[in-house]
Amino acid sequence: MRAVCPGSFDPATAGHLDIIERAAVCFDEVIVAVGQNSAKSHMFSAPERVELMRAACAHLSSVSVSPLDGLLVDFCRSRGAPVIVKGVRSCGDFEYEVQMAQWNKELEGIETLLIPAAAKWSYLSSTKVREVASLGGDVRPHVPLAIAEQVQRRVAELRQAQGE
Ligand code: PNS
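Participant: Is there a simple way to explain the pattern of salt bridges in this structure?
Facilitator: Tallied over the full model, the rule gives 13 salt bridges. Among the ionic pairs, Asp10 bridges to Arg130, the shortest N-O distance being 3.6 Å. One end of the pair, Asp10, is in the loop between β1 (2-7) and α1 (14-26); the other, Arg130, is in helix α5 (residues 126-134), with 120 residues separating them in the sequence. A relative accessible area of 1% places Asp10 in the buried class. With a shortest N-O distance of 2.8 Å, Arg154 and Glu157 are connected by a salt bridge.

Given below as structure tokens:
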């Protein structure tokens, strides 16, 4: 069976990659859908986030990465994937994800499976990774190795653009 792991992944964290790897153990194929969250401002453009995620997942033969435009349920149907997999870190995540899961079930009958985040990554979020990196903190332990350098490079570019 095929599953979809959606997210905005700006940038992907070690926690995201852990969920994708665990989904790949449970399903024949996993498609990582890289979308936009209109409520968030992005450090990387959509095509950049797709490329970064491809680099992060290069070691996973059953995992592919695609851009997500429009409704997630339409993406799932068009790819023949009846299941969405997401990670949950906290009660806050759970409330948000249950509401999304109910919408996606109601709209197109797509099921959602929630995987508890690994305890060691439960404090991680892309938002905090962006904040810590942009203030000069070392986020290399918190993002996939394949994208750590790109995060540092983008922070340097943003600082240069701001004249720092
Ligand atoms: O990393 P995020 O911010 O949790 O990712 C959110 C994302 C991109 C997965 C979500 O916003 C999404 O599913 N977008 C597609 C549009 C859609 O289907 N919206 C209705 C969801 S009920």
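From this point, things continue past the structure.
Participant: Looking at this structure, how should I read the site of the ligand?
Facilitator: Close to the ligand lie 14 residues; Ser8, Asn37, Lys40, Leu72 and Lys86 are nearest. One of the backbone N or O atoms of Leu72 is found 2.8 Å from an oxygen atom in the ligand. Lys86 has a polar side-chain atom sitting 3.1 Å from an oxygen atom of the ligand. In isolation the ligand offers 550 Å² of accessible surface; the protein chains occlude 81% of this area. One can see that the ligand is located within the largest pocket. Those elements that place two or more of their residues in the shell around the ligand are β1 and α4 (91-108). Among the elements that take part in the shell around the ligand, α4 stands out by supplying three residues, more than any other. Here the residues of the shell around the ligand are counted per class, giving six nonpolar, six polar and two charged.

Participant: I tried to follow the nonpolar core on my own but got confused; where do I start?
Facilitator: Soluble, globular proteins show a tendency: their nonpolar side chains are buried together. Core analysis: the biggest nonpolar cluster contains 37 residues, and Ile20, Val30, Val32, Met53, Cys57, Val63 and Val85 have the highest contact counts within it. Elements supplying a minimum of two residues to this core: β1, α1, β2 (29-34), α2 (46-56), β3 (63-67), β4 (83-88), α5 and α6 (145-161). Residue contributions to this core peak at six residues, all from α1. Among residues more than four places away in sequence, those in contact with Val30 are Ala3, Cys5, Ala23, Ala24, Ser62, Val63 and Ser64.

Criteria and cut-off values
- Residues numbered from 1 in each chain as written.
- Predicted model: local features only at pLDDT ≥ 70, side-chain atom pairs only at ≥ 80, totals over all residues.
- Heavy atoms only, no water.
- Salt bridge = Lys/Arg side-chain N within 4 Å of Asp/Glu carboxyl O.
- Helix = DSSP H or I, 4+ residues; strand = E, 2+ residues; numbered from the N terminus.
- Buried < 20%, exposed > 50% of the residue type's maximum accessible area, 1.4 Å probe, protein only.
- Near = heavy atom within 4 Å.
- Polar contact = N/O pair within 3.5 Å; in protein donor to acceptor, adjacent residues only side chain to side chain.
- Areas by Shrake-Rupley, 256 points an atom, 1.4 Å probe, with all protein chains shown as cover.
- 1 Å grid on protein atoms, 1.4 Å probe; cavity = no way out; pocket = protein on both sides within 12 Å on 5 of 7 lines; lining within 4 Å.
- Sits in = over half its atoms within 2 Å of the grid points.
- Nonpolar A, V, L, I, M, F, W, Y, C, P; charged D, E, K, R; others polar.
- Core = buried A, V, L, I, M, F, W, Y, C linked by side-chain atoms within 4.5 Å.
- Contact = heavy atoms within 4.5 Å.

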